[in-house]
Amino acid sequence: QVSKVKKVAIVQTVTGAGKVEASTTVKISSNLSGDLVDLPVKVGDQVTKGQVLAKLDRRRFEASVKQSSAAYSAARSEMATIQVDIDRLERELARVRGLVEKGLASKAEEARAESKLLSAKARQAAQGDRAAQAAAALDEAKNNLEKTTLISPIDGNVIEVTREVGERVRGSDFNEDVVMTL
């Protein structure tokens, strides 16, 4: 090619084959097993951190929360009942000690009243442990209920959806069942 001399930018175009890959990909899976009841995103959608990506059927986990809550409530009620017994037994022990001082009751009766009080306090300690166990079970049930909603951990785009509404998601900590990829 011939042309007049002048200052211009030289541009070189290079073409080549390749594929575009995300710098970060996140596989979204569930730790719980359940039926997929809502999938509000599709391939190509842009999502933000904290956005709901999918929901599992919550009924079984809501029932578990109710059951654990009732067990915790019953354990606390039993603690209150035992405390009433302890208060009564403390008054009984004080009464028997007063009678022993006056010579109207034997040391054996005092020992028996003291033994009953110690037994009630031991029952209270054991019940306290059962109440703590019930509280932990309630916390776990609530945590599982929260996990029925899959939330986006990053801002990004949905690049693959591998499940559809109505399908069963097999949740596990050891074997991932990917619902989608961001």
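Residues numbered from 1 in each chain as written. Predicted model: local features only at pLDDT ≥ 70, side-chain atom pairs only at ≥ 80, totals over all residues. Heavy atoms only, no water.

Chemist: In this structure, what is going on with the nonpolar core? I would like to understand it.
Modeler: Generally speaking, a soluble globular protein has its nonpolar side chains buried in company with each other. Ranked by internal contacts, the top residues of the largest apolar core, which has 21 residues, are Ile28, Leu36, Leu53, Val179, Met180 and Leu182. Where this core is concerned, the elements lending two or more residues are β4 (52-56), α1 (59-101), α2 (107-146) and β9 (178-181). Apart from residues lying up to four places away in sequence, isoleucine 28 is in contact with Leu53, Leu150, Pro153, Asp177, Val178, Val179, Met180 and Leu182. Ile86, Leu89, Ala105 and Ala120 belong to the second-largest nonpolar core, a separate cluster that totals ten residues. (Core = buried A, V, L, I, M, F, W, Y, C linked by side-chain atoms within 4.5 Å. Buried < 20%, exposed > 50% of the residue type's maximum accessible area, 1.4 Å probe, protein only. Helix = DSSP H or I, 4+ residues; strand = E, 2+ residues; numbered from the N terminus. Contact = heavy atoms within 4.5 Å.)

Chemist: Looking at this model, I keep getting lost on the sheet that holds β9. Mind explaining?
Modeler: Within a sheet, adjacent strands bond to each other through the backbone by hydrogen bonds, running parallel or antiparallel. Spatial ordering of the open sheet is given by β1-β9-β7, a layout of three strands whose pairing is antiparallel. What marks the edges here is a single partner per strand, and that holds for β1 (27-29) and β7 (160-161). Pairing of β7 with β9 involves two bridges; the strand directions are antiparallel. Counterpart to glutamate 160 in the pairing with β9 is threonine 181. (Pairing = 2+ DSSP bridges.)

Chemist: Looking at this structure, I do not really get α1. What am I missing?
Modeler: Every α-helix winds through 3.6 residues per turn, so residues three or four apart in the chain are directed the same way. With 43 residues, α1 extends 63 Å between its outermost C-alpha atoms, agreeing within 8% with the 63 Å of an ideal straight helix rising 1.5 Å per residue. Regarding α1, the residues found buried are Phe61, Val65, Ser68, Ala75, Ile82, Ile86, Leu89, Leu93, Val96 and Val100. Those residues of α1 that are buried are in contact with α2. Downstream of α1 by one or two residues, glycine 103 has phi in the positive range, about 80 degrees. (Expected span 1.5 Å × (residues − 1).)

Chemist: What should I look at first to understand the pairing of β9 in this one?
Modeler: Every other side chain in a regular strand lies on the same face of the sheet, so the side chains alternate between the two faces. Bridge count between β1 and β9: three bridges; the pairing is antiparallel. Across the sheet, residue serine 29 finds its bridge partner in β9, namely valine 178.

Chemist: It is not clear to me how the environment of glutamate 62 should be interpreted in this structure. Could you clarify?
Modeler: The residue glutamate 62 is located in helix α1 in this model. With a relative accessible area of 33%, glutamate 62 lands in the partly exposed category. For the pair glutamate 62 and asparagine 144, spaced 82 residues apart in sequence, the C-alpha separation works out to 9.2 Å.

Chemist: I would appreciate a short explanation of the pairing of strand β2 (residues 34-38) in the present structure.
Modeler: Two strands pair when backbone bridges link them, and β2 and strand β8 (residues 168-169) are joined in this way by two bridges, in the antiparallel orientation. By the bridge assignment for β8, aspartate 35 is matched with arginine 168. Of the pairings in the sheet, the one linking β2 to β4 comprises two bridges and is antiparallel in character. Bridging from a neighbouring strand, leucine 36 pairs with leucine 56 of β4.

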